[in-house]
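What the coordinates show
Spelled out, the chains give:
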Amino acid sequence: MASLDAQGLRRRRRTLESAQGAQVVVDGRECLSFCSNDYLGLAKHPALIAAAQAAAAEFGVGAGASHLVSGHHALHERLERELARFVGLPAALLFSTGYMANLGVVTALAGRGDAVFADRLNHASLVDACLLSRAEHVRYPHGDLAFLEKRLAASKARTKLVVTDAVFSMDGDIAPLPELLALCERYDAWLMVDDAHGFGVLGEHGRGILERFGILGGSGFSREKAFAAEAAPTDRLVYMATLGKAAGVFGAFVAGHPALIEWLVNKARTYVYTTATPPLLAAAVSASLKVIEAEAWRRERLQGLIARLRGGVAGLPWSLMASDTPIQPLVVGPNQAAVRLADGLRERGLLIPAIRPPTVPQGTARLRISLSAAHETADVDRLIQALGDLA
Ligand SMILES: *Cc1c(COP(=O)(O)O)cnc(C)c1O
């Protein structure tokens, strides 16, 4: 612990005493928050609260068992169908958390004698998943498709699995999904994409990265069409997204070919050996999907706020990374400088975390600004003003 202190790497928790939102009460103090993943401002949406309350009243609070024993509820079943339809893939499976989904999927698809190819900036849960799988672990430089192709071409592994974040969580940039899918097609690999930060946010209807690239997710998707062809390119796609970020609730799901989903029900250990999440959470997510679809203004507002922030900080000594997602990292550089800037903002009532190594590469400590549809234009202006003062 002393050595962590000396490196400025000691982590401490702050205690939230209000609901999640733009204005929060943290450690007894009211602040303007730019550090949640509640990108659409749904964590305290009345429709979600009402759905959770009604489900709690009717079905109680605990699931009582794992899905394969007696915890699989009709509300889980309904939500899986809704999620599959929402993202435009044939089948879906709920997991308790995104971390567990990633561990479960990668270890169910790859093992000794197989190879996983992972972007260097992938989320920690994917890194752990690859290590736990015991497959050969090839990490390619961020977004370097030429490097990836060379390694795929040279691989003699029985099963090849490429894993990538859809939106990189500390940089905010988007993976080149069509190109990755084409590479996987050429070298017969699975493609697993973690859309934790894209689901609800990307695409006109918020269906996520698949909609953003027009790969699937449109209203034109039909089960019949997908299965008429011998093998659709998306058969090799393993789509994963979380439900605790833009969806505003909790949990995660995987979507893809029905045979993939059936395999995961049998083989994903983080699915089999854990208690099902409370059905009331499934009810809340079902309500969330309706809001995500119906309230397009939330995504439009988000785009407006992103543009305003980017314009407003253009003259500052620090710069925002290239990102058109709600994740807007302001790169400061040295750890202590990033911490000082975050402290200065906190003194002004603005909450933004300083992200340091090992979460990000050495020398690129940053403020990870995350925007939400819960913010007002005036909130972003206050942030721009405070950054200007501190500069
Ligand atoms: C947050 C996150 C996860 C983990 O999801 P949880 O549901 O919070 O466990 C996985 N992958 C990425 C890219 C994430 O940002």
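As the structure is a computational prediction, the values presented were derived from the model and not from experiment. (Residues numbered from 1 in each chain as written. Predicted model: local features only at pLDDT ≥ 70, side-chain atom pairs only at ≥ 80, totals over all residues. Heavy atoms only, no water.)

**Side note on the overall build of the protein**
Within the protein, the secondary structure is distributed over 16 helices and 14 strands. The C-alpha atoms of the protein give 21 Å as radius of gyration, which agrees with the globular expectation for 391 residues (21 Å, within 12%). Along the first, second and third principal axes, the C-alpha set of the protein runs to 60 × 55 × 45 Å. Expressed as a percentage of the 391 residues in the protein, the buried residues total 54%. Residue pairs at least 24 apart in sequence account for 70% of intrachain contacts in the protein once pairs closer than 6 positions are excluded. Roughly 17000 Å² of accessible area belongs to the protein as shown, and the carbon and sulfur atoms make up 53% of that amount. Each charge class in the protein can be summarised by its mean position, and for the 41 positive and 39 negative side chains these summaries are 5 Å apart. (Helix = DSSP H or I, 4+ residues; strand = E, 2+ residues; numbered from the N terminus. Rg over C-alpha atoms; globule rule 2.2 N^0.38 Å. Buried < 20%, exposed > 50% of the residue type's maximum accessible area, 1.4 Å probe, protein only. Contact = heavy atoms within 4.5 Å. Areas by Shrake-Rupley, 256 points an atom, 1.4 Å probe, with all protein chains shown as cover. Lys, Arg positive; Asp, Glu negative; His and termini not counted. Charge placed at Lys NZ, Arg CZ, Asp CG, Glu CD.)

**Side note on the packing of aromatic side chains**
Applying the stated criterion across every chain, the model contains 4 aromatic pairs. With a centroid separation of 5.5 Å and 65° between ring planes, the pair formed by Phe 86 and Phe 199 is classed as edge-to-face. Of this pair, Phe 86 sits in helix α4 (residues 74-87) while Phe 199 is found in the loop between β7 (190-194) and α9 (209-212), placing the two residues 113 residues apart along the sequence. Classification of Phe 86 as buried rests on a relative accessible area of 4%. Under the relative-accessibility criterion, Phe 199 is labelled buried at 1%. For the pair Phe 199 and Phe 253, a centre-to-centre distance of 5.4 Å together with 70° between the ring planes defines the contact as edge-to-face. Taken as a pair, Phe 199 in the loop between β7 and α9 and Phe 253 in strand β9 (residues 252-256) lie far apart in primary sequence, 54 residues in all. Aromatic rings pair up to connect Phe 86, Phe 199, Tyr 239 and Phe 253 into one cluster. (Phe/Tyr/Trp six-rings, centres within 6.5 Å; stacked < 30°, edge-to-face > 60°.)

**Structural notes on the site of the ligand**
By nearness alone, 13 residues border the ligand, and Gly 98, Tyr 99, Asp 194, His 197 and Lys 245 come closest of all. Between the ligand and His 123, the relevant distance is 3.4 Å, taken from a nitrogen atom to a side-chain nitrogen or oxygen of the residue. Separating an oxygen atom of the ligand from a side-chain N or O atom of His 197 is a distance of 2.5 Å. The fraction of the free accessible surface of the ligand (380 Å²) that becomes covered by protein chains is 81%. Considering only residue class, the shell around the ligand consists of 2 nonpolar, 8 polar and 3 charged. (Near = heavy atom within 4 Å. Polar contact = N/O pair within 3.5 Å; in protein donor to acceptor, adjacent residues only side chain to side chain. Nonpolar A, V, L, I, M, F, W, Y, C, P; charged D, E, K, R; others polar.)

**What about the pattern of salt bridges?**
Considering all chains together, one arrives at 13 salt bridges under this definition. Between Glu 82 and Arg 78 there is a salt bridge, and its shortest N-O distance comes to 3.5 Å. Note that Glu 82 and Arg 78 are positioned in helix α4 at a spacing of 4 residues, about one turn of the helix. Glu 82 sits in the buried class, given a relative accessible area of 15%. Two residues, Asp 114 and Arg 158, come together in a salt bridge whose shortest N-O distance is 3.1 Å. Residue Asp 114 is located in the loop between α5 (98-109) and β4 (115-119), and its partner Arg 158 is located in the loop between α7 (145-154) and β6 (160-165); the two are separated by 44 residues in the primary sequence. Where salt bridges share partners, they join Glu 185, Asp 188 and Arg 236 into one cluster. (Salt bridge = Lys/Arg side-chain N within 4 Å of Asp/Glu carboxyl O.)

**Overview of the sheet that holds β9**
Strand order in this open sheet of 7 strands is β3-β9-β8-β7-β6-β4-β5, and the pairing throughout is mixed. On the outer flanks of this sheet lie β3 (91-95) and β5 (136-140), each paired with one strand and no other. If you compare each strand with its neighbour and ignore which way they point, the axes differ by 20° on average. Pairing geometry for β7 and strand β8 (residues 237-242), over 4 bridges, is parallel. Across the sheet, residue Leu 191 finds its bridge partner in β8, namely Leu 237. (Pairing = 2+ DSSP bridges. Axes fitted to C-alpha atoms, helices over the stretch in contact; angles between N-to-C directions.)

**Side note on the domain arrangement of the protein**
For the protein, the assigned domains read domain 1 (2-33 + 296-390) and domain 2 (46-294). On the domain 2 side, the residues contacting the 16 residues of domain 1 number 21 residues. The junction of domain 1 with domain 2 conceals about 1300 Å² of combined surface from both sides, 54% of it contributed by carbon and sulfur atoms. When the buried area of domain 1 at its contact with domain 2 is split by residue, Arg 299, Thr 325 and Ile 327 rank highest and sum to 41% of it. There are 2 salt bridges connecting domain 1 and domain 2. (Domains from an automatic or database assignment. Buried area = accessible area lost by both parts, 1.4 Å probe.)

**Observations concerning the pairing of β6**
For β6, the tally of buried residues reaches 6 of 6 residues, placing the bulk of the element in the interior. Burial along β6 is two-sided: the face carrying Lys 160, Val 162 and Thr 164 and the face carrying Leu 161, Val 163 and Asp 165 are both buried. As paired elements, β4 and β6 share 4 bridges and run parallel to each other. The residue of β6 that forms the bridge with Ala 118 is Val 163.

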